Amino acid sequence: MGTVIAFAGCAAQMVASSVASLCVGRALMGASNAFFITFSNAYIVECAPPQLRALCSAAFAITINIGTILGAVVDERTSHIMSRLSYQIPLACLFIFPATLSIFVFFIPESPRWLMLHDRREEAEKSLIILRGNSLEPEFLQEELVEIVRGVEEEKSNASSLSLVDIFRGTNLRRTLLCVAVVVSRASAGLWVFLSYGTYFYQQAGVDDVFKISIYSMVVQLVGVAAGLYCAYKVWGRRTMLLVGTGAAAISMAAPALGATIAPGTPEAAKVFLAFNFIYGLTYSGFAGSMTWPVSAEVVSSRLRVVTLSFATGVDYFFAWLTSFCSPYFINPTALNWGAKYCWIWAASNVVTFGKRFRVALTRHSRLLTSRLAFFWFFLPDMKGRSLEEIDEMFEKRVATRDFATFECQSSSQAHDIALHKMEEAIYLLYKCLRGASTYASNTVSCFRCIVRFDVSVVQAKASDGINI
């Protein structure tokens, strides 16, 4: 559906002959982007193994950076064309992604957890086998499958319906607030300011070749994301990554604001702005920005994952629009003329939240945005290495944030015991089959295949049919 809407949005913009039709095309592209962001993030988190979940989901940020660089290059190359082709060619390039996705989507297995939620167990098992391949030993594959089944059954037993209201009920309220805080943190970090008005700030700073500096900044962000992926996999947990990135973002915002306050309009202030703009791209995009993708998806329950992510994405888009709408009044010389001093607001947005809950702060458009660092510090647990079912169990049991890292979950240990018991049963039944192998050779092979698939019930049936004990 997302690809169909993307095709319609691209086509509407290419043939647009008025502002109204152009806005319709933009709205369709925004809707398709919401589809891609929500469902791709949910799919990655549900399918990736626990130890690689952050790495796989954060790699989503790399695709965004690469796409941004390619888009900027295409825009620059076509900017010298004095006809409608100057904007139609970049818009035509937007067809590449949905066209590619619409082909490859037929070769991607469905999420095992989604299949299990819809009572399609055999398909879920096949999907999990395809996704894991030879990376897991059979007993660990069975253990993961058992854990998924138990987690889904537990969620179904606790749920009465599936609606938007459910994300605010019971323990889901805590999870929804965490998800929204993590997603909206992209807006409260000042990210949308640089995305929307980066070129203007560069011009105000006296940069001659704005395009070249923009490309350099994007490349630095790409390097930061790559470094962040390594740190997330080998060094730190999600919570630490978010705190490091947010703290660095606060410093990167305060420094140019201080320079513009002390020496406004000077070359030195412009150099400070440029330097810390690169530091911001390296640290925030690499550490905090990249971690918002896995954390926002894994913190919510499987049953409500898409609904909660959709709601959080909508809130994020609202604050992104509000930021883009209000920013010109702060930075334009004909309005408040703050220039780089506008970064004071975003420095506060990154800092004040280190110790407080959600609250109104500074300006009308920074309400509810100043809850980042404090919210991360006091309320965001570290979920590194935990399965989604373990995360569900800890939230259901209302485990304190500081205890997430050391809490021993019953779901994983019980899944391990069940898988081990099934293995023992299957091996014992295989032994029975082997005792009559000379007479029932074909049945023995069939039993062995069932054991490899861990379908103990089928093994029992074949053993009772083929063996006289």
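One can find the structure itself at the top, above this paragraph.
All figures in this text were calculated on a predicted structure; none of them were measured in a lab.

### Notes on the nonpolar core
Part 1 of the argument: If you look at the biggest cluster of nonpolar residues, it comprises 72 residues, and the most contacted ones within it are Tyr280 and Tyr342.
Part 2 of the argument: Counting residues per element, this core draws most heavily on helix α13 (residues 267-298), which supplies 10 residues.
Part 3 of the argument: Here tyrosine 280 is in contact with Ala189, Gly190, Leu191, Phe194, Ala249, Ser252, Met253 and Ser285, once residues within four sequence places are set aside.
Part 4 of the argument: With 10 residues, the next largest nonpolar core counts Ala124, Leu145, Val149 and Val152 among its residues.

### What about the packing of helix α2 (residues 19-47) against α13?
Part 1 of the argument: One can describe the packing of α2 onto α13 by two numbers: an axis separation of 9 Å at closest approach and a directional angle of 75°. The angle between α2 and α13 falls in the class roughly perpendicular. In this structure, α2 contributes Ile37, Asn41 and Val45 to the contact, and α13 contributes Trp293, Pro294, Ser296, Ala297 and Glu298.
Part 2 of the argument: Here the contact of α2 with α13 is composed, by residue class, of five nonpolar, two polar and one charged.

### A look at the packing of helix α3 (residues 53-78) against helix α11 (residues 210-234)
Part 1 of the argument: Relative orientation of the contacting elements α3 and α11 amounts to 170°, with a least axis distance of 10 Å. With respect to α11, the element α3 is oriented roughly antiparallel. Where α3 abuts α11, its residues Leu55, Ala58, Ala59, Ala61, Ile62, Asn65, Ile66, Thr68, Ile69, Ala72, Val73 and Glu76 lie against Phe211, Ile215, Met218, Val219, Gln221, Leu222, Val225, Leu229 and Tyr233.
Part 2 of the argument: For the contact of α3 with α11, a count of residues per class yields 17 nonpolar, three polar and one charged.

### As for the pattern of salt bridges
Part 1 of the argument: On inspection of all chains with the given rule, the structure shows 13 salt bridges.
Part 2 of the argument: Here arginine 53 ties to glutamate 298 by a salt bridge, and the two come within 2.6 Å at their closest N and O atoms. Residue arginine 53 is located in helix α3, and its partner glutamate 298 is located in helix α13; the two are separated by 245 residues in the primary sequence.
Part 3 of the argument: Salt-bridge contacts for glutamate 144 lead to arginine 132; the nearest nitrogen and oxygen are separated by 2.6 Å. Of this pair, glutamate 144 sits in helix α8 (residues 138-158) while arginine 132 sits in helix α7 (residues 121-132); the two residues are 12 residues apart in sequence, bridging distant segments of the chain.
Part 4 of the argument: The exposure class of arginine 132 is buried, given its relative accessible area of 5%.

### Observations regarding unusual backbone geometry
Part 1 of the argument: Positive phi, close to 60°, is recorded for aspartate 119, a residue that is not glycine.
Part 2 of the argument: Relative to the assigned elements, aspartate 119 resides in the loop between α6 (112-117) and α7.
Part 3 of the argument: Although it is not a glycine, arginine 398 adopts a positive phi angle of roughly 55°.
Part 4 of the argument: You can see arginine 398 is positioned in the loop between α17 (388-396) and α18 (410-435).

Reading the values: the criteria
- Residues numbered from 1 in each chain as written.
- Predicted model: local features only at pLDDT ≥ 70, side-chain atom pairs only at ≥ 80, totals over all residues.
- Heavy atoms only, no water.
- Core = buried A, V, L, I, M, F, W, Y, C linked by side-chain atoms within 4.5 Å.
- Buried < 20%, exposed > 50% of the residue type's maximum accessible area, 1.4 Å probe, protein only.
- Helix = DSSP H or I, 4+ residues; strand = E, 2+ residues; numbered from the N terminus.
- Contact = heavy atoms within 4.5 Å.
- Axes fitted to C-alpha atoms, helices over the stretch in contact; angles between N-to-C directions.
- Parallel < 35°, antiparallel > 145°, perpendicular 65-115°, else oblique.
- Nonpolar A, V, L, I, M, F, W, Y, C, P; charged D, E, K, R; others polar.
- Salt bridge = Lys/Arg side-chain N within 4 Å of Asp/Glu carboxyl O.

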